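# Descriptive structure summary
Each chain, written out:
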Amino acid sequence: MKKNIHPDYHEIEVVMTDGTKFKTRSTWGKKGDVLNLDIDPKSHPAWNAGEKKLVDTQGQISKFAKRYKNYKKKNEKEVKETIAQSESKINKDKN
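A brief report on the enclosed structure follows. (Residues numbered from 1 in each chain as written. Predicted model: local features only at pLDDT ≥ 70, side-chain atom pairs only at ≥ 80, totals over all residues. Heavy atoms only, no water.)

### Here we look at the overall build of the protein
A tally of helices and strands in the protein yields two helices and three strands. Listed N to C, the secondary structure of the protein is β-β-β-α-α in terms of helices and strands. Buried residues in the protein amount to 11% of all 95 residues. In the protein, the proportion of contacts linking residues at least 24 apart, taken out of those at least 6 apart, comes to 6%. Carbon together with sulfur atoms contributes 53% to the accessible area of the protein, which is approximately 8900 Å² in total. (Helix = DSSP H or I, 4+ residues; strand = E, 2+ residues; numbered from the N terminus. Buried < 20%, exposed > 50% of the residue type's maximum accessible area, 1.4 Å probe, protein only. Contact = heavy atoms within 4.5 Å. Areas by Shrake-Rupley, 256 points an atom, 1.4 Å probe, with all protein chains shown as cover.)

### A word on the side chain of Asp-40
Tracing the backbone shows Asp-40 in the loop between β3 (34-36) and α1 (60-67). The buried category is assigned to Asp-40, whose relative accessible area is 2%. Reaching out from Asp-40, the side chain makes a polar contact with the backbone nitrogen of Thr-17 at a distance of 2.9 Å. Filtering out sequence-adjacent residues up to four positions away, Asp-40 remains in contact with Met-16, Thr-17 and Trp-47. (Polar contact = N/O pair within 3.5 Å; in protein donor to acceptor, adjacent residues only side chain to side chain.)

### Points about the pairing of strand β1 (residues 10-15)
Strand direction decides the pairing type here: β1 and strand β2 (residues 21-26), joined by six bridges, are antiparallel. What sits directly across from Ile-12, in β2, is Thr-24. Hairpin connection of β1 to β2: five residues between the antiparallel strands, including Gly-19 at a positive phi of 95°. Both β1 and β3 contribute to a ladder of three bridges, which runs parallel. Bridge assignment links Val-15 to a residue of β3, and that residue is Asn-36. (Pairing = 2+ DSSP bridges.)

What follows is the structure, encoded as structure tokens:
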């Protein structure tokens, strides 16, 4: 077997979203590093039957909500205008 081709396999500490900690061995980081998880089986809806909601740590959910908050209102307004125009055309055609 070739020497010095395998990554360093060492002990790290993993911190779950609820603050619980455990030690494991990994090739991630350096010996003694702490890995803080943003999502884990205790917090992700796919693993806990939707009981908990995701924490928006990076603000992506709020950015999305802000960007599209008026989308439905604009769409409804356009639909109403289109219906009004169609009704006025129909009324003109009848007369």
